[in-house]
Amino acid sequence: MSVTVVLVSHGGARWLPAVLDGIRQQTRTPDRVVAVDTGSRDDSLALLTAALGADAIRTAGRQTSFAEAVDLGLALADETGPAQASEWVWLLHDDAKPAPDALDALLAAAEADPGADILGPKLREWPSLRRLLEVGVTLSATGRRETGLERGEYDQGQHDDVRRVLAVNTAGMLVRRRTLDELGGFERALPIFGNDIDFGWRAAAAGRATLVVPQAVVFHAEAAHRGSRRTSLTGRHTHYQERRAALFTLLANSPTRTLPLRIVRLALGTLLRVLGFLLVRSVGEALDELAALVSLYSRPGQVIAARRARRPLATTDAREVAPLLAPWWLPYRHGLDVVSDLAAAASNQAQDVAERRRAVAAAQAPPPVTSPAGRRPAAHGDQDDQDDFPPDTGLLQRFLTDPVALGVAGFVLAVLVGTRQAWGTVSGGALAAVPAGAADWWRLYTEHWHPLALGSDVPAPPSLAPLALLASVVGGPATAVSLVLVGAVPAALWGAWRLLRVVGRFLVPGGMPRWLLAAGATTYALVPVVAGAWGEGRLGQVVVAATLPWLVHASLGFADPERDRRWRAAWRTGLLLALATAFGPALFFFWLLATLAVLGLGLAFSRALVTDRSVYGPLLVAPAVAPVLLAPWWLPMLLVGRPGGLLLDPGRLPVSPADLDNLLLGRLDGAGAPLWWAVPLVVVAVLALAPRLSRTPALVGWAAALIAAVTALLVALPTVTVAGADLHPSAAALIPVVQGALVVAAVSGGFAVVRSGWFAGDGWPHRLVVLPVTLALVVPAAGVLWFASGDHGSLGDDEVSDIPAYMGQSSELGAEHGVLVVRGDVESGLTYLVRRGDGDTVGEAEVLALTPADDGFSETLRTLVSRPTPETVSELAARGVEYVVLPAPADGRLAAQLDATVGLDQASAENRATRAWKVDEPPAADAVAGPGSTLRTVLLVLQLLAVVVIAVLCGPTWREKRR
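Residues numbered from 1 in each chain as written. Predicted model: local features only at pLDDT ≥ 70, side-chain atom pairs only at ≥ 80, totals over all residues. Heavy atoms only, no water.

Caption draft 1: Inspection of the packing of aromatic side chains at higher detail. Under the defined criterion, the tally for this structure stands at seven aromatic pairs. Ring centres 5.7 Å apart and planes at 65° place the aromatic pair Phe 66 and Phe 186 in the edge-to-face group. Placement of Phe 66 in helix H3 (residues 66–80) and of Phe 186 in the loop between helix H5 (177–182) and helix H6 (195–205) is noted, with a sequence separation of 120 residues between them. When its relative accessible area of 9% is taken as the criterion, Phe 66 is described as buried. Plain terms: the ring middles of Trp 328 and Tyr 332 are 6.2 Å apart, the flat faces sit at 65° to each other, and that makes the pair edge-to-face. Both residues of the pair, Trp 328 and Tyr 332, belong to the exposed class. Taken together, the ring pairs in this structure connect Phe 66, Phe 186 and Phe 199 into an aromatic cluster. (Phe/Tyr/Trp six-rings, centres within 6.5 Å; stacked < 30°, edge-to-face > 60°. Helix = DSSP H or I, 4+ residues; strand = E, 2+ residues; numbered from the N terminus. Buried < 20%, exposed > 50% of the residue type's maximum accessible area, 1.4 Å probe, protein only.)

Rendered as structure tokens:
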């Protein structure tokens with residue numbers, strides 16, 4: 001069997017010497033070797049001339065495609081070789097070095113299977129030599145090149161079976177000359193990429209077999225694919241050329257019956273891929289994707305001509321070729337893999353900060369001292385993070401024999417028992433009822449004028465947006481609120497565990513023992529429960545407690561030695577800070593003061609470091625993100641003259657403020673667990689200042705607590721008019737901050753005791769901490785047992801409505817069907833409210849509390865209860881009042897007055913002590929209609945764009961993997 005080698009070269013001088021040596025070292029010497037150089041500007045032509053001679057080389061221009069270069073090489077072989085044409089053609093690239101027995105193995109496989117027309121080797125990565133690149137190749141329905149290999153898979157003989165495939169790479173392809181001529185050679189419309197799959201697909205359609213022969217090995221540098229070599233055919237847009245080639249191959253070779261669906265699917269899939277690349281900040285790849293689609297679809301003549309040329313050669317039914325293509329489900333698996341990779345990268349961005357900083361320090365430090373046995377001494381705590389189970393131990397067996405896992409699982413189970421009040425529709429305390437659907441929340445959040453009571457332009461609270469988004473995903477507001485209340489403690493537990501693990505690794509390389517992490521994480525997770533926030537329905541404090549450890553964990557990225565990671569940490573921190581601020585505005589002011597304190601200390605002790613823009617920039621960006629994302633809330637609040645509303649937590653108002661002792665002991669107005677739960681934590685946090693190991697985290701924790709106290713004092717200074725009364729804003733959202741800081745200090749102090757031995761510490765500071773630490777370890781168990789033992793607080797208490805049921809049903813017909821509820825008596829004074837729809841729900845309660853009284857309607861009501869006239873009743877109808885209700889016990893004189901009022905007809909009520917009247921005149925349809933706002937629309941659009949942009953910026957940078 002005669003063999004002609006066709007070597008195509010283009011600027012490959014760095015690989016050519018090894019490639020030429022590989023050809024010379026073949027155990028089966030080829031009959032002739034020709035080379036085609038396409039305008040190389042390095043020493044490639046000289047190397048080829050020295051090795052093969054000038055007669056065996058043909059030169060061409062830099063725009064010569066791979067297909068044209070192969071044709072030139074075959075023509076040269078025919079001119080210079082013997083009269084009888086070669087039976088086989090072996091194609092090689094200038095960056096593909098064959099193993100010495102590669103050609104011999106290919107020919108042996110061809111002799112063993114006379115029906116094989118195309119054979120290809122196993123490709124390994126050059127220069128690693130062991131990593132697999134391809135063992136045959138195919139194409140997915142989305143145009144992805146599929147090799148069937150895991151990423152970075154090494155060759156261990158696991159793919160060494162000779163088998164039929166769709167295509168093999170042209171780097172090392174052995175093809176019958178007759179087959180090459182009958183199929184018309186390689187596709188001229190594919191300049192450099194995709195020739196192998198297109199040729200293999202055409203060959204399969206023509207009934208020709210393609211085999212991969214893993215016994216033949218070729219080492220391939222993939223210079224063009226990896227971008228290490230730029231050519232005039234690819235320029236700087238390698239991805240564009242690869243994607244265009246894939247789309248062309250699919251459209252040119254697909255069966256006619258599937259072509260329309262294929263065209264639509266590729267267009268929609270490309271748009272989805274563009275969006276995906278933009279979301280991971282790969283703008284270049286996104287533009288290449290779109291450009292490839294537009295380039296091909298705008299010139300369909302190429303595809304039409306290619307399909308016309310293939311039609312006479314296709315002798316095999318397309319269903320026989322289909323098994324050689326990638327399975328239909330493979331693109332979906334790749335999509336899930338990408339999502340999981342991105343999720344893992346996003347969640348792990350901050351947890352290895354300590355390791356990276358330690359690696360940078362180690363690179364600048366002298367070699368570590370080793371033991372006489374040549375091993376580095378292990379740090380205490382390393383062993384705690386190691387598995388004590390044999391490798392073949394099952395997951396269930398490991399779980400059942402792991403005390404920490406069992407303890408945490410028991411804790412979560414007890415918490416689920418304690419949160420039974422929150423299962424299903426829940427309200428009570430500071431938590432108002434939820435609306436019927438997520439659309440009600442979206443409407444309330446997006447509209448400028450709210451048809452509530454007598455109408456209001458007070459903006460909806462910012463917490464409504466994440467709640468509405470969650471409700472849209474999980475199936476309704478009731479499910480969303482229940483999910484938040486039930487999942488807050490487990491979310492806080494998970495976040496605190498991650499945070500404490502990083503803190504421990506900052507202290508020692510091995511980190512803290514797992515049981516200590518569990519104790520600290522469970523102690524913090526119970527903060528909203530034992531503080532009384534959960535039982536009182538204070539959704540803001542519950543969400544802040546669940547979000548805070550994730551926020552602090554993200555901010556640890558500010559200490560990362562890599563500049564890019566510091567900026568990503570800034571965006572992540574800013575996004576989480578905006579979410580936490582939406583539920584606890586006081587947290588933003590705490591973060592701002594803490595940032596200024598850090599910058600001030602940095603200027604005082606390390607001015608050169610802090611003045612680096614990549615250091616102070618992320619610190620300032622993080623608190624700047626929250627005002628941008630929350631602009632639809634705070635800017636309208638200032639414009640309507642209610643700046644005090646920026647300091648109020650979401651929920652029913654008014655609420656009593658949190659004093660400094662509430663912050664320190666983690667209690668709200670005497671609610672929550674007994675004080676014995678809080679005292680050990682405070683004591684251990686104070687004593688943690690004594691041991692040297694825990695002194696730094698303890699100082700940081702107490703500094704954070706001090707800043708939180710100062711913030712609480714500042715937040716409580718102004719007075720805000722809420723529901724007609726003046727009150728001081730509450731800083732209850734800072735309770736998780738103080739308690740979390742104490743947990744960090746206490747756990748660090750406990751670790752100092754554990755690390756040095758319970759009773760063999762370094763003197764009195766150690767012994768001073770032992771007893772309080774021991775007591776503090778009991779805190780989580782006692783707290784969760786207290787919580788699971790019964791109902792605590794007013795959450796879940798059913799509210800008795802003063803309004804008859806039929807009036808409530810009528811009020812839901814439209815905003816104009818309002819119900820005027822008047823309470824009190826003439827002697828002591830009267831209060832009123834106008835109910836519309838299904839009552840004051842989450843979001844509406846906050847709007848109404850900050851809406852100032854309507855002086856005009858108040859005057860109408862005074863006239864109604866003193867000197868009613870028909871005009872007064874008409875004014876009620878004009879303001880959208882259909883019913884008037886005096887809840888039990890109704891004032892007799894006032895009821896008699898209304899009975900005698902012309903235009904008011906007596907209406908029935910379930911409670912005899914409740915009196916009701918119906919306004920005889922129909923209510924005006926536009927009674928509570930209000931103006932729209934272009935500014936509101938602009939702010940919402942900008943907020944949406946800002947969320948998308950910041951979410952992209954805070955995610956990990958992604959580039960399409962180059963093998």
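Caption draft 2: Layout of the nonpolar core. Grouped together as the largest cluster of nonpolar side chains are 151 residues, with contacts concentrated most on Trp 441, Leu 485, Leu 587, Leu 734 and Leu 820. Residue contributions to this core peak at 15 residues, all from helix H19 (residues 477–507). Among residues more than four places away in sequence, those in contact with Leu 820 are Tyr 832, Leu 833, Val 834, Phe 857, Leu 861, Leu 876, Val 881, Tyr 883, Val 884 and Val 885. Grouped together as the second largest cluster of nonpolar side chains are 34 residues, Leu 20, Ala 102, Val 213 and Val 217 included. (Core = buried A, V, L, I, M, F, W, Y, C linked by side-chain atoms within 4.5 Å. Contact = heavy atoms within 4.5 Å.)

Caption draft 3: Spatial organisation of the packing of helix H17 (residues 438–446) against helix H18 (residues 464–474). At their nearest, the axes of H17 and H18 sit 9 Å apart, and the two run at 155° to each other. In this view, H17 runs roughly antiparallel relative to H18, as classed from their interaxial angle. Regarding H17 and H18, the two cross each other, and that crossing is left-handed. Contacts from Ala 438, Trp 441, Trp 442, Leu 444 and Tyr 445 of H17 reach H18 at Leu 464, Ala 465, Leu 467, Ala 468, Leu 469, Ala 471 and Ser 472. Of the residues belonging to the contact of H17 with H18, the class tally is 11 nonpolar, one polar and no charged. (Axes fitted to C-alpha atoms, helices over the stretch in contact; angles between N-to-C directions. Parallel < 35°, antiparallel > 145°, perpendicular 65-115°, else oblique. Left-handed = near helix turned anticlockwise from the far one by under 90°. Nonpolar A, V, L, I, M, F, W, Y, C, P; charged D, E, K, R; others polar.)

Caption draft 4: Structural context of the sheet that holds strand S15 (residues 818–825). Pairing is mixed in the open sheet, where five strands are placed in the order S16-S15-S17-S19-S18. Each edge of the sheet is formed by a strand with only one pairing partner; in this case those strands are strand S16 (829–835) and strand S18 (904–907). Shown here is a sheet whose adjacent strand axes are inclined to one another by a mean of 25°, direction ignored. When S18 meets strand S19 (residues 915–919), the two strands line up antiparallel, connected through four bridges. Bridged to Leu 904 within S19 is Val 919. Its contacts with the sheet put helix H36 (residues 855–866) on S15, S16, strand S17 (881–886) and S18, and the angle it makes with S16 is roughly 120°. Relative to the sheet, helix H38 (residues 892–899) contacts S15, S16, S17, S18 and S19, its axis offset from that of S19 by approximately 25°. (Pairing = 2+ DSSP bridges.)

Caption draft 5: Summary view of a nonpolar patch on the surface. A cluster of nonpolar side chains, Val 264, Leu 268, Leu 271, Leu 290 and Val 294, forms an exposed patch at the surface whose accessible area comes to about 440 Å². Put simply, the parts of the chain that give the nonpolar patch at least two residues each are helix H9 (259–279) and helix H10 (283–297). Tallying contributions element by element places H9 first for the nonpolar patch, with three residues. The topology assignment puts Leu 271 in helix H9. A residue is classified by how much of its surface remains accessible, and Leu 271, at 47% relative accessible area, is partly exposed. (Patch = residues over 30% accessible without salt bridge, like charges linked within 9 Å, V, L, I, M, F, W, Y side chains within 5 Å. Areas by Shrake-Rupley, 256 points an atom, 1.4 Å probe, with all protein chains shown as cover. Salt bridge = Lys/Arg side-chain N within 4 Å of Asp/Glu carboxyl O.)

Caption draft 6: Structural context of the pairing of strand S2 (residues 32–38). Burial runs high along S2: seven of the seven residues are buried. Neither face of S2 is exposed, since Arg 32, Val 34, Val 36 and Thr 38 on one face and Val 33, Ala 35 and Asp 37 on the opposite face are all buried. As paired elements, strand S1 (residues 3–9) and S2 share six bridges and run parallel to each other. Residue Val 6 lies in a different strand from S2, and its bridge partner there is Val 34. Bridge analysis of S2 against strand S3 (residues 57–60) gives four bridges, and the strand direction is parallel. In the sheet register, Asp 37 faces S3, and the bridge partner there is Thr 59. Considered for its hand, the β-α-β crossover made up of S2, helix H2 (residues 44–52) and S3 is right-handed. (Right-handed = clockwise from strand over helix to strand, strands pointing away.)

Caption draft 7: Representation of the pattern of salt bridges. In this structure the tally under the stated criterion is 33 salt bridges. A salt bridge links Lys 122 to Asp 160; the nearest nitrogen and oxygen atoms lie 2.8 Å apart. One end of the pair, Lys 122, is in strand S6 (residues 116–125); the other, Asp 160, is in the loop between strand S9 (145–146) and strand S10 (163–164), with 38 residues separating them in the sequence. Exposure remark for Asp 160: the relative accessible area of 27% places this residue in the partly exposed category. The partner of Asp 198 in a salt bridge is Arg 202, and the shortest N-O contact between them spans 3.0 Å. On the criterion of helical spacing, the pair formed by Asp 198 and Arg 202 is a turn pair, its members being four residues apart in helix H6. Side by side, Asp 198 and Arg 202 carry an identical accessibility label, which is buried. Salt bridges sharing common partners tie together Lys 122, Arg 124, Asp 155 and Asp 160.

Caption draft 8: How the structure looks around H36. Taking 1.5 Å as the rise per residue, H36 with 12 residues should run 16 Å; its terminal C-alpha atoms sit 17 Å apart, in good agreement. When H36 is considered as a whole, its buried residues turn out to be Phe 857, Ser 858, Thr 860, Leu 861 and Leu 864. The buried residues of H36 occupy an angular sector of 155° when projected down its axis, which confines them to one face. (Expected span 1.5 Å × (residues − 1). Arc of directions from axis to C-beta.)

Caption draft 9: Representation of the side chain of Thr 210 in the model. Within the element layout of this structure, Thr 210 appears in strand S12 (residues 209–220). Discounting chain neighbours no more than four positions away, the residues touching Thr 210 are Ile 118, Arg 163, Arg 164, Val 165, Leu 166, Ala 167 and Val 168.

Caption draft 10: Layout of the side chain of Thr 38. With respect to the helices and strands, Thr 38 occurs in strand S2. Since its relative accessible area comes to 4%, Thr 38 is described here as buried. In this structure, Thr 38 is in contact with Ser 9, His 10, Ala 60, Gly 61, Arg 62, Thr 64 and Ala 69, ignoring residues within four places of it in sequence.

Caption draft 11: Unusual backbone geometry, seen in detail. With an omega of 25°, the peptide bond between Trp 126 and Pro 127 qualifies as cis. Along the chain, Pro 127 falls in the loop between S6 and strand S7 (132–134). The step from Ala 888 to Pro 889 runs through a cis peptide bond, and the omega angle for that step is -5°. Of note, Pro 889 is situated in the loop between S17 and H38. Phi at Glu 222 takes a positive value of approximately 50°, unusual for a residue other than glycine.

Caption draft 12: Focus on the confidence of the model for the chain. Summary statistics for the chain give a mean pLDDT of 85 and a share of 89% for residues scoring 70 or more. Here residues 366–389 is a poorly scored stretch, pLDDT under 50, and it has 25 contacts once near neighbours within four places are set aside; other chains count. (pLDDT = per-residue confidence, 0-100.)

Caption draft 13: Here's a closer look at the packing of H6 against helix H8 (residues 238–253). Where H6 meets H8, the axes come as close as 10 Å, and the angle between the chain directions of the two elements is 10°. In this view, H6 runs roughly parallel relative to H8, as classed from their interaxial angle. Considering how the two elements wind past one another, H6 and H8 form a crossing that is right-handed. Note on element contacts: H8 touches H6 through Thr 249, Leu 250 and Asn 253, opposite Ile 197, Asp 198, Trp 201 and Arg 202. Of the residues that constitute the contact of H6 with H8, the class distribution is three nonpolar, two polar and two charged.

Caption draft 14: Local environment of H18. Those residues of H18 that sit buried are Leu 464, Ala 465, Leu 467, Ala 468 and Ala 471. Angular distribution of buried residues about the axis of H18 spans 165°; they occupy a single face of the element. Packed against the buried residues of H18 are H17, H19, helix H22 (539–555) and helix H23 (563–583). Gly 475 sits one or two positions beyond H18 and adopts a positive phi of about 110°.

Caption draft 15: Structural detail: the environment of Leu 444. For Leu 444, the position within the fold is in helix H17. Expressed as a C-alpha distance, the spacing of Leu 444 and Pro 459, which sit 15 residues apart in the sequence, is 8.7 Å. When residues no more than four places from it in sequence are discounted, the contact partners of Leu 444 are His 450, Leu 452, Ala 460, Leu 464, Val 842, Gly 843 and Glu 844.

Caption draft 16: Region of interest: the environment of Val 543. With respect to the element layout, Val 543 can be found in helix H22. Separated by 56 residues in sequence, Val 543 and Gly 487 place their C-alpha atoms 9.7 Å apart. When near neighbours in sequence (up to four residues on either side) are disregarded, Val 543 contacts Val 484 and Phe 583.

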